[in-house]
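A structural walkthrough
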Amino acid sequence: MEIRGISLSNGQSSVNSGFLLFDRGDYNPMMKKSIQKTVVFSLILILGLNMASEHSIIFTSAKENTFGLEEPKGIRLNIPDDPRSSMAISWFTYEFTETDINFGLSLGNLNQTNSFFTDTELVKDTYIHHIVLKNLSTNTTYFYQIGGPTSGWSDVYSFTTAPERNASSLHFIAYGDNRSDREIRRLINRAILQNSSSYHSEPIQFIMHMGDMVTRGEEHDLFNDYFDDSQMLHESIPLLPIQGNHEIGNLGKSYYREQFVLPENGNAEWYWALQYGSVFIMGLDSEAHGIIPYDTQSIPWMDSMLQKSHEDLSTLWRFAFFHQPPFVSSSHMPRIDIRDSWSPIFGDNDVDVVFNGHCHLYERSFPVSSNETLSSRERYNYNDPDYPIYIVTGAAGRGGPIDRLPDRENEYMVFSNFTWHYVDVFISNNLTNQKSTLMANVVGIIPQYFSNGSLNEFDLSHTVLLDNFTITKNIPGGWPESVQNVIY
Ligand SMILES: [Fe+2]
């Protein structure tokens, strides 16, 4: 198949930091990633470059299939920049295969010629492939297939770019801690797919993951397994990840960073921010990634980004998510140090909801300040609350023990439950009534269907609504003017 849009802008390919890098446009390359180089990979690089220099078009004229025909595995989407105009597609193979894409606006016409950036890394025995698409159209569905003419092309998948800031709705999922038990985490992913329109008909636009997607971050195969199990979601729905303590790995050795392409406005993949529709989102690092104390860098950064988010007047909601919760009643104790250092910043900068994992349960707080002051005892429907609501969603799989409640419930806790679950969030912006409303539904997988560590007969419709609540924001004066690109 003819390849379009892949001629190098300067007629040259480049190799950077030991991994193959084809820059086919004016995109500023993403951060350098430290990977282990091998003699074998160097030989492959040389072969690839020879092919590139001979043809100026990468891999289109290979005379024979040198690299085999391995299909892309573990396909996932990430948001690398402004989600209205960019998307990252990553996958893995065990053989060296091409990192290329055909994409377009219809199934039968994958002819887009936008410049894009590709990166192939050898990590342990796995080739991780990344493609970053830029200059996409807002709120537009694209179809794509990945691979290459020599290696073979994948099936055709699709994704939709983010809408404008004043979009009328937003729909996303939050969950976490689905490490190690592949059967159950696949089941929960299927439940999300099957039930995605049960509460709101609009498609899910992204999925926040609270960390601990693998049990040991130093074992690269576990990441491959995870992406195999979650491709059913992330081939079309972007994953917003942060790392948990299990991603850190033994002695700080982890393959977490190599898996994703995320916004570069924070600190590598450790923490970052993006604006999706009317929502500002910060993905934060509660694990200090084993190197630098988290508060020396991330606190000034998050304070600055939250202040910038106020410059874009169309930002109606602010969310933060990270692994270890500052407010929780489980046998995993709350991170009081994070509560003391981060929660005042959330409160001062109008953060609405903080999502966490780590504790293997579902729990929701009242709107609560950093010193445990409650603004109200209302349990389900909030109107312009004074403080953030803290949600712990750390039971989207099995691997660690399900938590138990302590003898005494904390005053700030509204509800806690131990069922496998995910959180479905929908935001509706009503311009006529000058209100924006967040509706959260917590979908549980009924535990009776699990027995002796395996699944019994299970109908995916057998889910249960564990919790729901609403937050309404008043928008006096109608919809504000947008100030564009404050944080990118
Ligand atoms: Fe954890």
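All values reported here derive from a predicted model rather than from experimental measurement.

**Considerations on the packing of aromatic side chains**
According to the stated counting rule, one finds 24 aromatic pairs in the structure shown. Between Tyr 256 and Trp 270, the aromatic rings sit 6.2 Å apart at their centres with planes inclined by 15°, giving stacked as the arrangement. Here the residue Tyr 256 occupies a position in the loop between helix 4 (245-248) and strand 14 (272-276), and Trp 270 occupies one in the loop between helix 4 and strand 14, the gap between them amounting to 14 residues. A relative accessible area of 11% places Trp 270 in the buried class. Grouping aromatic residues by their ring pairs yields a cluster made of Phe 103, Phe 116, Tyr 142, Tyr 144, Tyr 157 and Phe 159. The ring of Phe 327 has Arg 339 lying over it, and the distance from NZ or CZ to the ring centre is 4.2 Å.

**Some words on the pairing of strand 18 (residues 362-365)**
Neither face of strand 18 is left uncovered, since the one carrying Tyr 362 and Arg 364 and the one carrying Glu 363 and Ser 365 both have all their residues buried. Where strand 18 and strand 20 (residues 389-393) come together, 3 bridges link them in antiparallel fashion. Bridge pairing in strand 20 links Tyr 362 to Thr 393. Pairing of strand 18 with strand 21 (residues 413-417), which is carried by 4 bridges, proceeds in the antiparallel orientation. Bridge pairing links Glu 363 to Ser 416 in strand 21.

**Thoughts on the packing of helix 2 (residues 182-195) against helix 3 (residues 220-234)**
Two quantities define a packed helix pair, namely the angle between the axes and the distance from one axis to the other. One can describe the packing of helix 2 onto helix 3 by two numbers: an axis separation of 8 Å at closest approach and a directional angle of 25°. Here helix 3 runs roughly parallel to helix 2, going by the angle between their axes. Pair helix 2 / helix 3 crosses with right-handed handedness. On helix 3, the residues that touch Arg 182, Arg 185, Arg 186, Asn 189, Arg 190, Ile 192 and Leu 193 of helix 2 are Leu 222, Asp 225, Tyr 226, Asp 228, Asp 229, Ser 230, Met 232 and Leu 233. When the residues that make up the contact of helix 2 with helix 3 are grouped by side-chain class, the tally is 6 nonpolar, 2 polar and 7 charged.

**Topic: the nonpolar core**
In this structure, Met 208, Phe 319, Phe 346 and Phe 355 are the most contacted members of the largest nonpolar core, which totals 92 residues. The residue makeup of this core includes at least three contributed by each of domain 1 (14-160) and domain 2 (169-474). Met 87, Phe 103, Leu 133 and Tyr 144 belong to the second-largest nonpolar core, a separate cluster that totals 16 residues.

**Details of the coordination of the iron ion**
Bound to the iron ion on the protein side are Asp 212 (OD), Asn 245 (OD1), His 323 (NE2) and His 358 (ND1), at distances that span 2.1 to 2.2 Å. Sequence spacing of the donors to the iron ion: D-x32-N-x77-H-x34-H. Separated by 146 residues along the polypeptide, Asp 212 in the loop between strand 12 (206-209) and helix 3 and His 358 in the loop between strand 17 (353-356) and strand 18 bring together distant segments of the chain.

Conventions adopted
- Residues numbered from 1 in each chain as written.
- Predicted model: local features only at pLDDT ≥ 70, side-chain atom pairs only at ≥ 80, totals over all residues.
- Heavy atoms only, no water.
- Phe/Tyr/Trp six-rings, centres within 6.5 Å; stacked < 30°, edge-to-face > 60°.
- Helix = DSSP H or I, 4+ residues; strand = E, 2+ residues; numbered from the N terminus.
- Buried < 20%, exposed > 50% of the residue type's maximum accessible area, 1.4 Å probe, protein only.
- Lys NZ or Arg CZ within 6 Å of the ring centre and 35° of its normal.
- Pairing = 2+ DSSP bridges.
- Axes fitted to C-alpha atoms, helices over the stretch in contact; angles between N-to-C directions.
- Parallel < 35°, antiparallel > 145°, perpendicular 65-115°, else oblique.
- Left-handed = near helix turned anticlockwise from the far one by under 90°.
- Contact = heavy atoms within 4.5 Å.
- Nonpolar A, V, L, I, M, F, W, Y, C, P; charged D, E, K, R; others polar.
- Core = buried A, V, L, I, M, F, W, Y, C linked by side-chain atoms within 4.5 Å.
- Domains from an automatic or database assignment.
- Donors = N, O, S within 2.8 Å, 3.2 Å for Na, K, Ca; no water.

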